[in-house]
2 protein chains.
Amino acid sequence: MDLPPITQSFVSHFGEMGARWGVNRTVGQIYAVLFLSPDPLCADDLVDRLGVSRSNVSMSLRELQAWRLVRTVRFPDDRRDFFETPDDLWKIVRTLAEERKKREIDPTASRLRELMMEAPQSDHDRHAQKRIGETLELIELLTRWYDDINKLETDRLLMLLALGAKVTSALDLKDRLLGSAARKTLTEPAPEHDSEGDPK
Amino acid sequence: MDLPPITQSFVSHFGEMGARWGVNRTVGQIYAVLFLSPDPLCADDLVDRLGVSRSNVSMSLRELQAWRLVRTVRFPDDRRDFFETPDDLWKIVRTLAEERKKREIDPTASRLRELMMEAPQSDHDRHAQKRIGETLELIELLTRWYDDINKLETDRLLMLLALGAKVTSALDLKDRLLGSAARKTLTEPAPEHDSEGDPK
DNA sequence: CCCTTGTTTCAGAAATTTCTGAAATATATG
DNA sequence: CATATATTTCAGAAATTTCTGAAACAAGGG
């Protein structure tokens, strides 16, 4: 490995964290190198900098492209592919959210939907289905919210994030200004999830 | 494996998905069984139902406890530990979010903070540090938002989720009612990211 | 104490994932 | 079409993770 000190340390960290993020060490490291590089790099640059095999680099880049976290760039009079990360951090955040949802949530949601179609054979099945149904509703609520929020342009998103929980007081204020009739039309009756959870 | 059909299918799915969620097959399956079980189960119940070794169950339960996704229950006149999942789904969602943040975000944030303290040795380092700083700011913005939202009681949270992107129009409305001066102080200018890759 | 019942630990076996080098493929150029 | 350059594939090697059975540990009676 041959990298300036700060980059080096950043790259190692991404290598270690890779596992927790659902990618392997090399994939994490390659992403880190590209992320910090001022200009696009070709596969052999990555081989040199990380000291891993050419084929490993090739497969890892492939995976990063599947995640839409790197893209290729071509230069005139050069037959090699070069790779770079989008430099808009917000775009990266959105891509990560989309891809993780696709891999971690969507398959489960559709499997649960299938299970809700099955005819229960026993009391046990009936209980399971009830629980599965509640779970599915919650997932659908969360993903609808996500889809909705994800449509906002970045500056509006930024505004909401900066507001944080204060939105609720802002909404309360609005209610007071308008009378609460208007809000009722915007909020839907809350789905119920009850249980003998702990008193907080 | 000896489970009624719907539970069976749910459990297999959680086993397969386990890997994507950062746990292994057995951990995923055990969680799934406990989640669907109407009453708490002891370790040997899990051995029977999943056909894995006793020690595997023991280690997997330990991991699920580290995640705070299962808790133990004792019954009078029985020396065995029994295990169950919280049945309030919102509590589960919150726990998942907290634990994943702790494992996936926090270590990176603190490493990036360390890297920002280093004295840059070269232009390359300076560029890397700039990029790292932007990343850290974004992470901090997101985690502040998360901490803030996470404080809300579940019914308020539910209200926000149901509103989705409509909050922004609600806020716009509030602005119109109040005059826009108030909001300006809450939004920040969007971070700029420019770059031009040039051929080597 | 010494059973009995239940849980945890841990070294090594088994399974899976990652990585490599060599061969195959693709594509531009003379 | 032959050559040079670049990339991808893939079978097996290497590394890592998961899982097991046996042994150690813990705790409640008798």
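Please read all numbers here as calculations on a predicted model, not as lab measurements.

(A) Region of the structure containing the relation of the copies chain A and chain B. Rotating chain A by 180° about the axis while translating it 0.0 Å along that axis superimposes it on chain B, leaving an RMSD of 0.1 Å. Taken together, the rotation and translation describe the operation of a two-fold axis. The share of interface residues of chain A whose copies in chain B are also at the interface is 91%, consistent with both copies meeting through the same surface.

(B) Examining the sheet that holds strand β1 (residues 41–42) of chain A more closely. Residue and element names in this part refer to chain A. A sheet is described by the order of its strands in space; here three strands give the open sequence β1-β3-β2, paired in antiparallel fashion. The open sheet has two edge strands with one neighbour each: β1 and β2 (71–73). One ladder, built from two bridges, connects β1 with strand β3 (residues 82–84); its direction is antiparallel. Within β3, the position partnered with Cys-42 by the bridge is Phe-82.

(C) Fine view of the protein's contact with DNA strand C. Around DNA strand C sit 20 residues, and of these Asn-24, Ser-53, Ser-55 and Asn-56 of chain A together with Ser-55 of chain B come closest. Within the residue set of the surface near DNA strand C, elements represented by two or more residues are α2 (25–36) and α4 (54–66) of chain A together with α4 (54–66) of chain B. When residues of the surface near DNA strand C are assigned to their parent elements, the largest contribution, five residues, is made by α4 of chain B. Of the residues in the surface near DNA strand C, the class split is six nonpolar, seven polar and seven charged.

(D) Local environment of the interface of chain A and chain B. On the chain B side, the residues contacting the 77 residues of chain A number 76 residues. Listing elements by their share of the side of chain A that touches chain B, those giving two or more residues are α1 (5–18), α2, α5 (89–117), α6 (123–150), α7 (154–163) and α8 (166–178) of chain A. Looking at the side of chain A that touches chain B, its residues break down into 39 nonpolar, 18 polar and 20 charged.

(E) Focus on the sheet that holds strand β1 (residues 41–42) of chain B. The three strands are arranged β1-β3-β2 (chain B) in an open sheet whose pairing can be described as antiparallel. The sheet terminates laterally at β1 and β2 (71–73) of chain B, the two strands that pair on one side only.

(F) Representation of unusual backbone geometry. Residue and element names in this part refer to chain B. Within the chain, Arg-68 stands out as a residue other than glycine whose phi angle is a positive 60°. When you line up the elements, Arg-68 lands in the loop between α4 and β2. Even without being a glycine, Asp-77 presents a positive backbone phi close to 65°. Its location among the elements puts Asp-77 in the loop between β2 and β3 (82–84).

(G) Just the confidence of the model for chain A, in detail. Per-residue confidence for chain A averages 87 on the pLDDT scale, and 86% of its residues sit at or above 70. Contacts of residues 185–200 of chain A to residues separated by more than four positions or lying in other chains number 23 contacts, the stretch itself having pLDDT below 50.

(H) How the structure looks around the protein's contact with DNA strand D. Near DNA strand D lie 19 residues; those nearest to it are Ser-55 of chain A together with Asn-24, Ser-53, Ser-55 and Asn-56 of chain B. Of all the secondary-structure elements, those providing two or more residues to the surface near DNA strand D are α4 of chain A together with α2 (25–36) and α4 of chain B. With four residues, α4 of chain A is the largest single contributor of residues to the surface near DNA strand D. Looking at the surface near DNA strand D residue by residue, the classes come out as six nonpolar, seven polar and six charged.

(I) Fine view of the nonpolar core. Formed by 27 residues in total, the largest nonpolar core has its most connected members in Phe-10, Ile-30, Tyr-31, Ala-32, Val-33 and Leu-34 of chain A. Taken together, the elements giving at least two residues each to this core come down to α1, α2, α3 (43–50), α4 and β3 of chain A together with α6 (123–150) of chain B. By residue number, the principal contributor to this core is α2 of chain A, which donates eight residues. Counting residues in each nonpolar core, the second largest holds 26 residues, with Ile-132 of chain A together with Leu-41, Leu-69 and Val-70 of chain B among its members.

The rules behind the values
Residues numbered from 1 in each chain as written. Chains lettered and ligands numbered in written order. Predicted model: local features only at pLDDT ≥ 70, side-chain atom pairs only at ≥ 80, totals over all residues. Least-squares fit on C-alpha atoms with pLDDT ≥ 70 in both. Contact = placed C-beta atoms within 7 Å. Pairing = 2+ DSSP bridges. Helix = DSSP H or I, 4+ residues; strand = E, 2+ residues; numbered from the N terminus. Near = placed C-beta within 6 Å. Nonpolar A, V, L, I, M, F, W, Y, C, P; charged D, E, K, R; others polar. pLDDT = per-residue confidence, 0-100. Core = buried A, V, L, I, M, F, W, Y, C linked by C-beta atoms within 7 Å. Buried ≥ 20, exposed ≤ 12 C-beta atoms within 10 Å, placed from the backbone.

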